[in-house]
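Fold and contact review
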Amino acid sequence: MPGAILGLSAYSHDSACCILRDGQLLAAAEEERFSRVKHDSALPVRALRACLREARLSLADIAHVAFFENPENRPAAAAARKTCDDIAFAVREQLGLNLPIRFYEHHLSHAAAAFYYSGARDGAFFTADALGESTTALFGEIGSSGIRTFERVLHPHSLGVFYSAVTWFLGFEPNHDEYKVMGLAPYGRPAYADKLKMLLADGPGAQFRLNAEYFDFQNGPEVFGRLWAPLLGFGPRARGEAIKPHHHDLASSAQRLLEELIVGKAAYLKSRSRSRQLCLSGGVFLNCVANARVRAARLFDSVHVAPAAHDGGGAIGAAVLAHFDLFGAWPVSTGTPRARLGPSYDNEAVRELLESAGVPYEDFSRDTGALLEKTARALAAGQIVGWHQGAMELGARALGGRSILADPRPASMKDKINALVKKREAFRPFAPVTLEDEVPGYFEAEGAYPHMTETVQVRPGAGLEAVTHVDGSARLQTVTPASEPRLADLLGRFENLTGVPVLLNTSFNVAGEPIVENPEQALFGFIKAGLDVLVIGDFLVERSALPPDLVRQIEPLETPGRLTKPSQTVYAIL
C-alpha cells in the first residue's frame, strides 16, 4: 500500500495541512495555531511537524503531496508555471519533501472536503468564496466515477467579494470579519435590499453578476465607499465609530440578498443533479445562517457543510482528490469524520508546565468523575471555565477541545464574556453545545449538528438567554458519549445540578489571537482573559489560587495579536 498523502493549503489565508492514510484522516491543523499569526498564510511548517507527531509518522512516510490550488488555472500561463515551481521549491526546502506535487483546482478541493465529511456515496456540490484561481463559485456532482462540473461563475462576479465589500463598508476587516456582519444582521431590517440588488444581480442558471460601476478592483475597497455612498445615502463607517440603525439595516439587507441568491442557486443545482445529498464549502459557507436557509428550503434530503469551509479545509480536499487519483475510489470513513485532528498533550506535559510556573493545581488523574463534578459545580455557580482537552479542532469553531464554557441561562453571562473575556462587540452571539438526544427539548430541530455549521431556532421559554441571538437563533453544536465522552459527561452532570443539559461554548482565545493550541497558551489565555477555572487534561486550576506575582506579570501585557515575539516573551514567563 502506498504511503501517506500530505494535503496542503498555503499562500492564501488560513494555511493548513493534513495527513491522509488508507483513506483515514490521521491529523490536520492550521499554521496560525503554532505561529500565533491569525489567518497565517505561510507554508504550514509548524503544523506539519505537529501533524506528523499526532499521526505517529515521519517525513519518510509521506509518499504524495497534494496542493489545494492549481496555479495553471490562472490566466497568465508563464507566471502560473513559475508559481508551481516556486511552491515545489518551498515544499522541498522548508518541509524537506522532494516529491512531485499534485495541484488541484481550488474549488474542487473545497468540494472534495465537503463530500468527504458528508459520508455519502454521492453528492451534488456548491462551492463559493471570494476567488479561487479564476473561479468564484462552482456547481457539480461527485460520485463513484469521479467529479462532473455543471457550471462555474468567474471573476470578478463573486458572492464573497460582495459580502467582504459590505464588511469593509460597515467598518470591519474584510476577509476576516464577515461573521460580524452576519451577527449584526438580525438587529436590522432589509431596508437596503433593493439598492444592493443594483450591486449584485441574480442571473440565469448558476450565474450572478457584480455591477462594475460600483466595484473598482484596481484601487481597493476605499473606492467602494465613494461609489456606494450616493446609492445608500451614507458613507462607510469608520473603525471605532458607533454602530447605528442604518448599519444594522445594511447588514440585514446584505444577509438577506446573500441568502436569497444561495437558496436560488441551490435550487438550480437540484435541477441539474441526480443526487439527493448537497455538499457546501468555500468561505461563503462559513455563513451558518445562510446554511440554515438552504436546509430549511428542503431542496435536498440532506445538507452537509464542511466543518472547515475556509481555505484551511482545502488541504483535506486536496488529499481526498489525490486519494481518488491514486486508488480510483473516494476515501470512505466510518461514521462522521472527526474535526478534532490536531495535537493533544498528555498529563505529564501539563504537570511539568504547571509546576515550572509555580501554579497550584488539583490532580484528578485517578478520578476524572470528580474532576467533571467539580467543573459542573463551578459552571452552575456562574463561573467561566477554560477547557483544554484532547486533540485540537480544525477550523474556526471550538468543538470541545479548546473551548470556554459557561452557564447558558443568564443573559448577563453573554455580556460578561463579550466585555471582559473576549473583549469584543456586544452584539455578537455565543453558541450552545448539548447532547444530541436533548436537541428537540430546547431547539426547534432534531438530529446531529456536530460542527456548528448552521443555526437553529431556540424554543421559546427554553431559558437559554446567554446563547440565544436577538432573532431567537443559535449556532448549535451537538455531542454524544461516543463522539465527545468527557464533554458529554460534563453536560450530564450540569443537567443534574441545573436541570439544563446545555452549555455556552465559545473558542478559547484572547482578543486578537488564534485559538489556543498548547498548554502554555491555555494557561496564558486563562490568566489574561480573567477566567475563573482552567480544566486542562486531568488537572484543575482555580484563579483564586494563582500566585499574585504571576497574575501581575501577565494581566497588564498587551494581547500578542499578529506578532510572535510578545507571545514568546509571555510564554517565557510561564
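Our structure's up above, just so we're on the same page.
Below, the structure is looked at part by part. Note that the structure is a prediction, hence the values are computed from the model and not measured. (Residues numbered from 1 in each chain as written. Predicted model: local features only at pLDDT ≥ 70, side-chain atom pairs only at ≥ 80, totals over all residues. Heavy atoms only, no water.)

**Let's talk about the overall build of the protein**
In terms of helices and strands, the protein carries 19 helices and 22 strands. Taking 574 residues into account, the globule formula puts the C-alpha radius of gyration at 25 Å, and the protein, at 23 Å, falls close to it. By principal-axis analysis of the C-alpha atoms, the protein measures approximately 60 × 60 × 45 Å. Across the 574 residues in the protein, those meeting the buried criterion constitute 58%. The long-range share in the protein, meaning contacts at least 24 apart out of those at least 6 apart in sequence, stands at 70%. (Helix = DSSP H or I, 4+ residues; strand = E, 2+ residues; numbered from the N terminus. Rg over C-alpha atoms; globule rule 2.2 N^0.38 Å. Buried < 20%, exposed > 50% of the residue type's maximum accessible area, 1.4 Å probe, protein only. Contact = heavy atoms within 4.5 Å.)

**Regarding the pairing of strand β20 (residues 502-507)**
When you tally the buried positions in β20, you get 6 out of 6 residues, the bulk of the element. Note that strand β15 (residues 402-406) and β20 share 4 bridges and pair antiparallel. Within β20, the residue paired with Ala 406 across the bridge is Leu 504. (Pairing = 2+ DSSP bridges.)

**Notes on helix α14 (residues 411-421)**
Those residues of α14 not exposed but buried are Met 413, Lys 414, Ile 417, Asn 418 and Val 421. When α14 is viewed along its axis, its buried side chains cluster within an angular range of 125° and face the same direction. For α14, exposure combined with an orientation more than 90 degrees from the buried face picks out Ser 412 and Leu 420. On the buried face of α14, the contacting elements are β15 and β20. Of the residues trailing α14, Lys 423 is marked for its positive phi of about 50°. (Arc of directions from axis to C-beta.)

**Comments concerning the pairing of strand β1 (residues 4-9)**
When you tally the buried positions in β1, you get 6 out of 6 residues, the bulk of the element. Alternating residues of β1 divide into Ala 4, Leu 6 and Leu 8 and Ile 5, Gly 7 and Ser 9, and every residue in both groups is buried. In the sheet, β1 pairs with strand β4 (residues 62-67) via 5 bridges, with the strands oriented parallel. The residue bridging Leu 6 from the neighbouring strand is Val 65, located in β4.

**Comments concerning the pattern of salt bridges**
If you walk through the whole model with that rule in mind, you get 28 salt bridges. Arg 36 is the partner of Glu 513 in a salt bridge, and the nearest nitrogen-oxygen pair spans 3.0 Å. Linking Glu 513 in the loop between β20 and α17 (519-528) with Arg 36 in the loop between α1 (32-35) and α2 (45-55), this pair joins segments that are 477 residues apart in sequence. Residue Glu 513 shares its accessibility class with Arg 36, and that shared class is buried. (Salt bridge = Lys/Arg side-chain N within 4 Å of Asp/Glu carboxyl O.)

**Remarks on the sheet that holds strand β21 (residues 533-536)**
One open sheet holds the 8 strands; their spatial order is β13-β22-β21-β14-β15-β20-β16-β19, and the pairing between them is mixed. Edge positions in the sheet fall to β13 (362-363) and β19 (477-479), since each has one partner strand and no second. Relative to β19, strand β16 (residues 431-435) is paired through 3 bridges, and the arrangement is parallel. Note that in β19 the partner of Leu 435 across the bridge is Val 479.

**Quick word on the packing of aromatic side chains**
Here the structure, examined in full by the defined rule, presents 16 aromatic pairs. Between Phe 215 and Trp 228, the aromatic rings sit 5.7 Å apart at their centres with planes inclined by 80°, giving edge-to-face as the arrangement. One end of the pair, Phe 215, is in the loop between β10 (208-210) and α8 (222-232); the other, Trp 228, is in helix α8, and 13 residues separate them in sequence. Consider the rings of Tyr 361 and Phe 539, whose centres lie 5.3 Å apart with planes at 90°: the pair is edge-to-face. Separated by 178 residues along the polypeptide, Tyr 361 in the loop between α12 (347-356) and β13 and Phe 539 in strand β22 (residues 539-542) bring together distant segments of the chain. Classification of Phe 539 as buried rests on a relative accessible area of 0%. An aromatic cluster is built from Trp 168, Phe 169, Tyr 192, Phe 215, Trp 228 and Phe 234, whose rings are joined through pairwise contacts. (Phe/Tyr/Trp six-rings, centres within 6.5 Å; stacked < 30°, edge-to-face > 60°.)

**Re the environment of Ser 252**
Its place among the elements puts Ser 252 in helix α9 (residues 245-272). Residues Ser 252 and Gly 183, 69 residues apart in the sequence, show an inter-C-alpha distance of 9.3 Å. In contact with Ser 252, not counting residues within four places along its chain, are Ala 185, Gly 188, Arg 189 and Pro 190.

**Quick word on unusual backbone geometry**
Residue Pro 156 follows His 155 across a cis peptide bond; omega there is 15°. Here Pro 156 lies in the loop between β8 (146-154) and α5 (159-169). Positive phi values are uncommon outside glycine, yet Arg 56 reaches one of about 55°. As for its placement among the helices and strands, Arg 56 is situated in the loop between α2 and β4. We note that Glu 133 has phi near 55°; this positive angle belongs to a residue other than glycine. With respect to the helices, strands and loops of the structure, Glu 133 is situated in the loop between β6 (123-132) and β7 (135-143).

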